[in-house]
Amino acid sequence: MASQMAVLVLVGLSLFVGIFATGGWGNVPLHDPRLNELTNYAINKLNTKEGNVYWSKLVQIKSASKQVVNGLRWKITFSWKPTRCTLQISLQAPDPNACEFDSDAQESTCTVELYEAPYYHDQPNTPREPQVTRLQCNQPQQKAKVATYNTRVGGAHPISNLDDETVVTAAKKAVERINMATNSMYLKSLIRIQSATRQETSGSRIRLKLAMGTSTCRKQGSQLFATVEHCPLAVNSVPEICSVSVELWQNKYDIESFSCSPQEETRFKRSVDENVVQMEQPILGGDDGHDIHYGMFQSFKMKFNKIYASKEEELRRFRIFQENMIKARKIQSMEMGTARYGATKFSDLTEEEFRKNYLSPAWKADNTMKKAKTPNIVAPDAFDWRDHNVVTEVKNQGSCGSCWAFSTTGNIEGQWALKKKNLVSLSEQELVDCDKVDQGCNGGLPSQAYKEIIRLGGLEGETDYPYKGRNDKCAMERSKVKVYINDSVTISTDEAQMATWLAANGPISIGINANAMQFYFGGISHPWKIFCSPENLDHGVLIVGYGLKGSEPYWIVKNSWGPTWGEKGYYLVYRGAGVCGLNRMPTSAVVK
């Protein structure tokens with residue numbers, strides 16, 4: 001009897017312990033990759049606090065635990081430390097991985113508690129935006145930056161006061177020199193002086209790092225100096241960091257050298273397949289927009305290097321961002337394929353701005369075009385012309401509605417490569433400037449462009465007639481023509497016949513409704529017609545192949561928004577249902 005009682009007691013204790021453990025905190029291995037994501041998310045919150053001067057980054061995760069409740073609660077203790085990269089509230093923070101720690105600064109230790117809702121785990125492809133419920137840090141006194149560098153005779157030393165008259169004058173002279181050297185019709189604006197050093201030689205040598213961007217101001221006469229306050233940045237401007245060396249002697253500023261390089265437009269992460277580079281998960285908000293907070297917008301700004309001319313403009317863009325994330329959420333919730341939608345580089349643009357700058361006015365079919373014959377062959381289950389050296393790299397049309405020109409040249413590049421065994425990257429700018437029927441950056445149609453190319457006598461190569469992304473005077477030289485075409489045809493709207501024609505004859509120019517593309521990240525897109533009417537075609541693209549993933553047939557569509565958009569510049573669209581009207585206007589040039 002005593003032994004039976006002992007067994008019952010042990011069972012009862014084990015049950016009690018089990019019940020007590022449910023919902024309790026458990027340790028998390030420090031190598032768990034999710035810890036780095038959550039910790040850096042918390043540090044990002046700290047970096048964007050008002051009053052921070054220097055960008056800080058993670059030193060070490062010291063401990064971590066999690067609690068399974070209605071979702072997940074995380075508790076992480078970590079240390080972080082300032083780098084030598086400065087941060088100003090109105091500007092984008094630099095990539096922390098490119099910034100060295102300030103060896104003279106002290107570490108801070110923080111404890112953060114975060115909460116993740118349960119649906120994040122039920123839907124692994126859904127982006128996870130945690131909620132910070134507590135963030136407590138010790139803040140040791142930092143040494144003044146002036147005292148953190150040792151100077152030596154003849155050596156360069158940092159200038160702590162970037163508002164110093166000598167530094168400002170040197171920066172102004174540098175901006176004038178850079179604007180004089182560039183062929184752009186638009187001034188480059190000075191966003192900020194990022195850093196400055198001074199070295200005493202026979203005179204003084206000042207080295208500057210300047211953050212700059214392309215403005216909306218045209219060059220006029222001797223006007224070569226511009227700041228963001230006077231010349232706002234263009235919507236599609238990619239920030240540049242310019243390193244400049246200035247020789248100062250007898251109050252004269254001589255620009256010895258300068259070099260500028262654009263910052264990355266977005267960040268990437270490697271998938272398990274090292275040959276595939278994917279965008280980070282999109283950011284989505286709720287139906288009412290209340291969960292689309294300013295911290296999400298700050299993350300969006302950092303990811304896409306967004307810089308605005310004023311606080312008022314930034315607030316306006318935040319409101320647009322909120323509205324767009326609500327729209328992306330609705331598209332995602334009704335997606336019939338595997339596509340992911342969220343915050344892309346276009347998410348701070350209104351629908352009107354997006355259409356004006358990146359799309360083409362509504363397309364209309366040309367019923368006078370000859371009809372192509374569908375080859376009498378059995379098409380393979382999958383085919384990709386990128387594997388056969390007939391497709392050029394993904395290009396970027398910028399904020400110019402010249403998609404029709406890229407769709408046209410992409411088709412002709414393929415036709416010429418197949419017929420002449422020579423892949424040539426062709427000039428879209430020639431079509432923008434010299435096509436008298438279409439409207440350049442204000443839209444056009446491949447069916448009209450084919451006829452204009454025949455009238456012009458052909459197309460120059462990209463290197464001879466480079467792309468500018470704006471309407472300009474025709475500067476075509478017939479002696480530099482690289483390719484010609486003989487005719488053009490319209491292809492069957494039956495998608496099975498389209499696939500057969502493509503496999504036999506090359507990439508196809510098409511029109512598509514691009515409504516869902518503004519927020520597309522990747523996957524096979526199959527939005528409902530209410531989001532993507534097949535009647536309203538407004539974007540020119542190029543089908544280069546097709547495939548089958550599981551039970552999902554899809555088209556491989558080459559876009560012209562650069563390789564950082566979508567699937568490395570490509571759009572995968574469900575095949576067989578006329579999605580977004582992609583089968584309404586398939587055409588091709590004819591090269592004999």
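No experiment lies behind these values; they were computed from the predicted model shown.

Colleague: Help me understand the overall build of the chain in this model?
Modeller: When you go through the chain residue by residue, the secondary structure sums to 11 helices and 25 strands. Residues classed as buried in the chain amount to 51% of the 592 residues present. Pairs at least 24 apart in sequence give 72% of the contacts found in the chain among residues at least 6 apart. Surface accessibility of the chain: about 28600 Å² in total, with carbon and sulfur atoms responsible for 51%.

Colleague: Would you mind going over the packing of helix α5 (residues 294-303) against helix α6 (residues 311-333) with me for this structure?
Modeller: Angle between the axes and distance between the axes: these two values describe a pair of packed helices. Direction vectors running N to C along α5 and α6 enclose 105°, while the axes themselves pass 10 Å from each other. Our classification of the angle between α5 and α6 gives roughly perpendicular. In this structure, α5 uses Y294, M296, F297, Q298, F300 and K301 to contact α6, whose residues at the interface are E314, R317, F318 and F321. Among the residues forming the contact of α5 with α6, the class breakdown is 6 nonpolar, 1 polar and 3 charged.

Colleague: How do you make sense of the state of the cysteines when you look at a structure like this?
Modeller: Working definition: the covalent bond between the sulfur atoms of two cysteines is a disulfide. Tallying each qualifying case throughout the model produces 5 disulfides. Put simply, C400 and C441 are joined by a disulfide, and their sulfur atoms are 2.0 Å apart. As the torsion about the S-S bond is roughly -95°, the C400-C441 disulfide counts as left-handed. Residue C400 is found in the loop between β15 (383-384) and α8 (403-420), and its partner C441 is found in the loop between α9 (428-434) and α10 (446-456); the two are separated by 41 residues along the sequence. We note that C400, like C441, is buried. Put simply, C532 and C580 are joined by a disulfide, and their sulfur atoms are 1.9 Å apart.

Colleague: Looking at this structure, how should I read the pattern of salt bridges?
Modeller: It is possible for side chains of opposite charge to pair when their charged atoms get near one another. Summed over all chains, the structure comprises 24 salt bridges. Residues E256 and R205 are paired through a salt bridge, measuring 2.9 Å at the closest nitrogen-oxygen approach. On the criterion of sequence distance, the pair formed by E256 in strand β10 (residues 252-262) and R205 in strand β8 (residues 204-218) is long-range, its members being 51 residues apart. Salt-bridge contacts for E428 lead to K395; the nearest nitrogen and oxygen are separated by 2.8 Å. Of this pair, E428 sits in helix α9 while K395 sits in the loop between β15 and α8; the two residues are 33 residues apart in sequence, bridging distant segments of the chain. Relative accessible area serves as the criterion here: at 10%, K395 is assigned to the buried category. Several salt bridges converge on common partners, so that one network encompasses E313, R316, R317 and E353.

Colleague: For this particular structure, what's the right way to read the packing of α8 against α10?
Modeller: For the pair α8 and α10, interaxial distance at closest approach is 9 Å and the crossing angle is 60°. Relative to α10, the element α8 lies oblique. α10 is crossed by α8, and the crossing has right-handed handedness. Contacts between α8 and α10 involve W404, S407, T408, N411 and I412 from the former and P446, A449, Y450 and I453 from the latter.

Colleague: Looking at this structure, I do not really get helix α4 (residues 165-181). What am I missing?
Modeller: Since one α-helical turn is 3.6 residues long, residues separated by three or four positions face the same way. In a regular helix each residue adds 1.5 Å, so 17 residues correspond to 24 Å; α4 covers 24 Å between its end C-alpha atoms and thus fits that length. Of the residues making up α4, those classed as buried are T166, V167, A170, A171, A174, V175, I178 and N179. On its buried face, α4 sits against β7 (186-200), β8, β9 (240-249) and β10. The opening residue of α4, the one whose side-chain oxygen lies 2.9 Å from the backbone nitrogen of T166, is D164.

Colleague: Before we go on, may I ask you to explain the pairing of strand β18 (residues 487-490) in this structure?
Modeller: Look at any regular strand and the pattern is simple: side chains alternate between the two faces of the sheet. Note: strand β14 (residues 370-371) against β18, 2 bridges, orientation parallel. When the sheet's bridge partners are listed, K370 is paired in β18 with V489. Pairing of β18 with strand β25 (residues 587-590) involves 4 bridges; the strand directions are antiparallel. Bridge assignment links S488 to a residue of β25, and that residue is A589.

Colleague: What exactly am I supposed to notice about unusual backbone geometry here?
Modeller: Glycine aside, residues mostly have negative phi, and peptide bonds are mostly found in the trans state. Non-glycine residue N305 carries a positive phi angle of around 50°. Since its relative accessible area comes to 9%, N305 is described here as buried. With phi around 55°, N389 is a residue other than glycine that occupies positive phi space. Within the element layout of this structure, N389 appears in the loop between β15 and α8.

Colleague: Help me out: how do you make sense of the pairing of β8 in this one?
Modeller: Of the pairings in the sheet, the one linking β7 to β8 comprises 12 bridges and is antiparallel in character. If you follow A196 over to β8, its bridge partner there is L208. Two elements, β8 and β9, share 9 bridges in a ladder whose sense is antiparallel. Among the inter-strand pairings, A211 is bridged to a residue of β9, identified as I241.

Colleague: What exactly am I supposed to notice about the environment of T166 here?
Modeller: Tracing the sequence through the fold places T166 in helix α4. Between the alpha carbons of T166 and N251 there is a distance of 9.4 Å; along the sequence they are 85 residues apart. In this view, T166 contacts R198, I206, L248 and Y253; residues no more than four positions away in its chain are not counted.

Colleague: It is not clear to me how the confidence of the model for the chain should be interpreted in this structure. Could you clarify?
Modeller: Close inspection of predicted coordinates is inappropriate for parts of the model with low pLDDT. Looking at the chain as a whole, its pLDDT mean stands at 81, while 79% of the residues score no less than 70. Low pLDDT (under 50) marks residues 1-22, which in the prediction has 0 contacts with non-local residues, meaning those over four places away or in another chain. Within the model, the stretch residues 141-153 combines pLDDT values under 50 with 14 contacts to residues more than four positions away or in other chains.

Colleague: Would you mind showing me how to read the nonpolar core here?
Modeller: The biggest cluster of nonpolar side chains holds 59 residues, and the ones touching the most others in it are W555, W561 and Y571. Of all the secondary structure elements, the ones that give two or more residues to this core are α5, α6, α7 (351-358), α11 (495-505), β19 (508-512), β22 (539-549), β23 (552-558) and β24 (570-574). When residues no more than four places from it in sequence are discounted, the contact partners of W561 are K345, F346, F354, Y358, L359, K395, N396, Q397, M517 and H539. Counting 20 residues, the second-largest nonpolar core is a separate cluster that includes A405, Y450, I453 and L459.

Colleague: Help me understand the packing of aromatic side chains, please; the structure alone is not making it clear to me.
Modeller: We describe a pair of aromatic rings using the distance from one ring centre to the other and the angle between the two ring planes. Inspection of the entire model under this criterion finds 21 aromatic pairs. An angle of 50° between the planes, with centres 5.4 Å apart, marks the rings of F297 and F318 as tilted. With F297 in helix α5 and F318 in helix α6, this residue pair connects regions lying 21 residues apart in the sequence. On the basis of relative accessible area, F297 is assigned to the buried category, the value being 0%. Following the ring pairs from residue to residue traces out a cluster consisting of Y341, F346, F354, Y358, Y520, W561, W565 and Y571. Above the plane of the ring of W25 lies K75, whose end atom (NZ or CZ) is 4.7 Å from the centre. Lying across the ring of W555, R575 places its NZ or CZ 5.8 Å from the centre.

Rules and cut-offs
Residues numbered from 1 in each chain as written. Predicted model: local features only at pLDDT ≥ 70, side-chain atom pairs only at ≥ 80, totals over all residues. Heavy atoms only, no water. Helix = DSSP H or I, 4+ residues; strand = E, 2+ residues; numbered from the N terminus. Buried < 20%, exposed > 50% of the residue type's maximum accessible area, 1.4 Å probe, protein only. Contact = heavy atoms within 4.5 Å. Areas by Shrake-Rupley, 256 points an atom, 1.4 Å probe, with all protein chains shown as cover. Axes fitted to C-alpha atoms, helices over the stretch in contact; angles between N-to-C directions. Parallel < 35°, antiparallel > 145°, perpendicular 65-115°, else oblique. Nonpolar A, V, L, I, M, F, W, Y, C, P; charged D, E, K, R; others polar. Disulfide = S-S within 2.5 Å. Salt bridge = Lys/Arg side-chain N within 4 Å of Asp/Glu carboxyl O. Left-handed = near helix turned anticlockwise from the far one by under 90°. Expected span 1.5 Å × (residues − 1). Polar contact = N/O pair within 3.5 Å; in protein donor to acceptor, adjacent residues only side chain to side chain. Pairing = 2+ DSSP bridges. pLDDT = per-residue confidence, 0-100. Core = buried A, V, L, I, M, F, W, Y, C linked by side-chain atoms within 4.5 Å. Phe/Tyr/Trp six-rings, centres within 6.5 Å; stacked < 30°, edge-to-face > 60°. Lys NZ or Arg CZ within 6 Å of the ring centre and 35° of its normal.

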